[in-house]
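# Tertiary structure, described
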Amino acid sequence: QVQLVESGGGLVQPGGSLRLSCAASGIIFSSYAMGWYRQAPGKQRELVAAITSGGSTNYADSVKGRFTISRDNAKNTVYLQMNSLKPEDTAVYYCNARHRIFRTDEYWGQGTQVTVSS
């Protein structure tokens, strides 16, 4: 019933840009904080960026100034604009939804691959 579907990943050169999208269904989207996580092979999954239901944002230090998270509640979609991409940004990027009150209500997307390489 609940689905988070990521799109927009792909291969990009260092210094390039990419925009990821995550379309949610089966939840009252405006009641959920949304986040983007990433996981590279052999590494732990890490929070990249998050946005609350009220629009407050926070970012991992490694992406501050380069990435921007945003949400469009009318479209039930969260975005991650990624600029000035670096090889170390290469990972599978996952969309996450967590209810702002009932925080054990948490959902994950299937992931989308981002590869930054020349």
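Presented here is a report on the structure given in the accompanying data block. Counting restarts for each chain, with residues numbered from 1 along the sequence as it is written. Side-chain atom pairs in this predicted model are given and counted only at pLDDT of 80 or more, local residue features only at pLDDT of at least 70, and totals for whole chains, interfaces and linings cover all residues. As a convention, hydrogens and water are excluded, and side-chain values are obtained from all of the structure's heavy atoms.

## Some thoughts on the overall build of the chain
A tally of regular secondary structure across the chain gives 0 helices and 11 strands. Numbering goes from the N terminus for both helices and strands, where a helix is a DSSP run of H or I of at least four residues and a strand is a run of E of at least two. Moving toward the C terminus, one meets the helices and strands of the chain in the order β-β-β-β-β-β-β-β-β-β-β. Each residue gets one of three labels from its accessible area relative to the maximum for its type: buried under 20%, exposed over 50%, partly exposed in between, using a 1.4 Å probe on protein chains only. Burial statistics for the chain: of 118 residues in total, 42% are counted as buried. Relative to all contacts within the chain whose residues are 6 or more apart in sequence, the contacts with residues 24 or more apart total 55%. A total accessible area of about 6300 Å² is found for the chain, and carbon and sulfur atoms account for 46% of it. We score Asp and Glu as negative and Lys and Arg as positive, and we do not count His or the chain ends. A charge is said to be at NZ when it belongs to Lys, at CZ for Arg, at CG for Asp and at CD for Glu. Taken as two groups, the 12 positive and 8 negative side-chain charges of the chain have centres that lie 3 Å from each other. Contacts: residue pairs with any heavy atoms within 4.5 Å of one another. Working definition of accessibility: Shrake-Rupley area with a 1.4 Å probe, residue cover restricted to the visible protein chains.

## Focus on the state of the cysteines
Pairs of cysteine sulfur atoms within 2.5 Å are identified as disulfides in what follows. Summed over all chains, the structure comprises 1 disulfide. Each sulfur of the disulfide joining C22 and C95 lies 2.0 Å from the other. Because the torsion about its S-S bond is -80°, the bridge between C22 and C95 counts as left-handed. Here C22 is found in strand β3 (residues 18–25), whereas its partner C95 is found in strand β9 (residues 91–99), with 73 residues between them in sequence. The exposure class of C22 is buried, given its relative accessible area of 0%.

## A short note on the sheet that holds β3
In any sheet, the strands associate via hydrogen bonds between backbone groups, in a parallel or an antiparallel arrangement. When DSSP finds two or more bridges between a pair of strands, those strands are recorded as paired. The sheet built from 4 strands is open, its strands ordered β1-β3-β8-β7 with antiparallel pairing. With one partner strand each, in any of the chains shown, β1 (3–7) and β7 (67–72) form the two edges of the open sheet. With strand direction ignored, the average angle separating the axes of adjacent strands in the sheet is 15°. The pairing of β3 with strand β8 (residues 77–82) spans 6 bridges and is classified as antiparallel. Bridge pairing links C22 to V78 in β8. Only the contacting stretch of a helix is used when fitting its axis, a line to C-alpha atoms as for every element, and angles between N-to-C directions run 0 to 180 degrees.

## Brief notes about unusual backbone geometry
One non-glycine residue, N76, lies in positive phi territory at about 50°. Assignment of secondary structure puts N76 in the loop between β7 and β8. Exposure remark for N76: the relative accessible area of 26% places this residue in the partly exposed category. A positive phi angle, near 50°, is found at S84, a position not held by glycine.

The quantities given are spatial measurements derived from coordinates; they are silent on function.
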